[in-house]
Amino acid sequence: MILIKLGGSIITNKAKALSPRRKTIENIVRTLKKIDEPLIIVHGGGSFGHYWSVKFNMHTKPSKYSLRGVSVVKNSMVELNKIILDSFLKNKLNPYCLPPTDFVIKDKPITKKIIEIEKIAKSGLIPVTFGDVLWYGEKKSYILSGDRIMTILATILKPRLSVFVLNIDGLYSDLKTKKLIHELKGEKPLIKKSSNDVTGGMKRKVVEATKISKNGLKVFFVNGNKPQRILDAVKGKKFQGTLFRR
Ligand code: IP8
């Protein structure tokens, strides 16, 4: 089984509010079709969820955020999710929408529900979940990042591989020269706060990828603008990107 995160920066244009990158989504989905293994998909918020989370000043820390904000962020994620689901359907794949409220209560994963997700994936349906705004209780809510969902699912389900599909080639050791780090073995690279994402952008991804790899699982960062690289990583071929391993 393979766990794939479609980052918000690859499926949307983050420079422009509420703008899906339909062609890119299409190209990635067509590539996923060539993977002959059960898949679980997680996607990020990009210029949908993040745009509204910033507007309503909502973050990953549970707090009494604007109720209007909760509704609007949720609605925007449902809208983006529908675009992803439609693309899967159009390409004759069978997605099965699972918002994180289906397997997370407050901020705790529901193991029994997560084990069912694996069964759903193994049946041939493709579970599709996403970063979202979650109810926390006592009128509080919080933003749950799709990157955290990756760790939650990987910790319980131990997929053969986890792949973060990005809008860049992988993790760079130097942002100016774009020198790519091909492999990280147990080390945790130092990343400064990387974007104004409410969930922490690249820094968050590296934290989660490092956590997942500590469990002995392989994690790849690849560029979704070159979907063949997803296939190369999954099929164990020489690939362009970053591999995190223990
Ligand atoms: O883009 C965040 O998910 P992420 C989703 O995976 C929202 O961090 C609602 C901003």
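These remarks concern the structure in this document. Counting restarts for each chain: residues are numbered from 1 in the order of the written sequence. Where local features are concerned, this predicted model is filtered to residues with pLDDT of at least 70; where side-chain atom pairs are given and counted, the filter is 80 or more; whole-chain, interface and lining totals use all residues. Hydrogen atoms and water are omitted, and side-chain values are computed over all heavy atoms in the structure.

Digging into the nonpolar core
Line of reasoning, step 1. Of all hydrophobic cores here, the largest spans 34 residues; its most connected members are Ile 4, Leu 32 and Val 165.
Line of reasoning, step 2. Working definition: helices are DSSP H or I runs of at least four residues, strands are E runs of at least two. Numbering for both runs from the N terminus. Ranked by the residues each element gives to this core, the list is headed by helix H4 (residues 67–90), at six residues.
Line of reasoning, step 3. Working rule for contacts: check all heavy atoms of both residues, and any pair within 4.5 Å makes them a contact. If sequence neighbours within four positions are ignored, Ile 4 has contacts with Leu 32, Ile 35, Leu 39, Ile 40, Ile 41, Val 42, Met 150, Val 163 and Val 165.
Line of reasoning, step 4. Throughout this description, the term nonpolar core refers to a set of buried Ala, Val, Leu, Ile, Met, Phe, Trp, Tyr and Cys residues connected via side-chain atoms within 4.5 Å. Relative accessibility decides the category of a residue: with a 1.4 Å probe and only protein chains considered, values under 20% of the type maximum give buried, values over 50% give exposed, and everything between is partly exposed. Listed in part, the 33 residues of the second largest apolar core include Met 1, Ala 121, Phe 164 and Val 206.

Digging into the sheet that holds strand S9 (residues 161–166)
Line of reasoning, step 1. The rule for pairing is simple: two strands pair if DSSP sees at least two bridges between them. One open sheet accounts for eight strands, arranged S3-S6-S2-S1-S9-S13-S14-S12; its pairing is mixed. For this open sheet the edge positions go to strand S3 (95–97) and strand S12 (183–185), each flanked by a neighbour on one side alone. Across this sheet, the average inter-strand angle for adjacent strands is 20°, counted without regard to direction.
Line of reasoning, step 2. For every element, the axis is a line fit to its C-alpha atoms; helices are fit only across the contacting stretch, and the angle between N-to-C directions ranges from 0 to 180 degrees. Against the sheet, H4 touches strand S2 (39–43), S3 and strand S6 (126–130), its axis set at about 155° to S6.

Some words on the packing of aromatic side chains
Line of reasoning, step 1. Between rings of Phe, Tyr and Trp, where Trp is taken as its six-membered ring, a pair exists when centres lie within 6.5 Å; planes separated by under 30 degrees are stacked, by over 60 edge-to-face, and by other angles tilted. Under the definition given, this model contains six aromatic pairs.
Line of reasoning, step 2. Between Phe 164 and Phe 221 the ring centres are 5.3 Å apart and the planes differ by 65°, which places this aromatic pair in the edge-to-face class. A residue pair is termed long-range when its members are at least 10 positions apart, and Phe 164 in strand S9 and Phe 221 in strand S13 (residues 218–223) qualify at 57 residues. Phe 221 matches Phe 164 in its accessibility class, with the two residues each being buried.
Line of reasoning, step 3. Grouping aromatic residues by their ring pairs yields a cluster made of Tyr 51, Trp 52 and Phe 56.

Brief notes about the side chain of Ser 53
Line of reasoning, step 1. Following the sequence through the fold, Ser 53 ends up in helix H3 (residues 46–55).
Line of reasoning, step 2. The exposure class of Ser 53 is buried, given its relative accessible area of 2%.
Line of reasoning, step 3. Ser 53 has contacts with Met 58, Val 73, Ile 143 and Val 198, leaving out every residue within four places of it along the chain.

A word on the packing of helix H5 (residues 111–122) against helix H6 (residues 146–157)
Line of reasoning, step 1. The geometry of H5 relative to H6 is characterised by a closest axis approach of 10 Å and an angle of 80° between their N-to-C directions. Classified by the angle between their axes, H5 and H6 sit roughly perpendicular to one another. On the side of H5, the interface is formed by Thr 111, Ile 114, Ile 115, Ile 117 and Glu 118, while H6 contributes Ile 152, Leu 153, Ile 156 and Leu 157. Orientation categories follow fixed angle ranges, with anything under 35 degrees roughly parallel, anything over 145 roughly antiparallel, 65 to 115 roughly perpendicular, and all other angles oblique.

Some words on the pairing of S6
For a regular strand, the rule is simple: side chains alternate between the two faces of the sheet.
Line of reasoning, step 1. The buried fraction of S6 amounts to five of the five residues, a majority that puts the element mostly inside the structure.
Line of reasoning, step 2. Both faces of S6 are covered, namely the face carrying Ile 126, Val 128 and Phe 130 and the face carrying Pro 127 and Thr 129.
Line of reasoning, step 3. When S2 meets S6, the two strands line up parallel, connected through three bridges. Residue pairing in the sheet places His 43 in a bridge with Phe 130 of S6.
Line of reasoning, step 4. Sheet topology places S3 next to S6; three bridges connect them, and they run parallel. Residue pairing for S6: Tyr 96 is matched across the bridge by Pro 127.

Shape descriptors only; they carry no functional weight alone.
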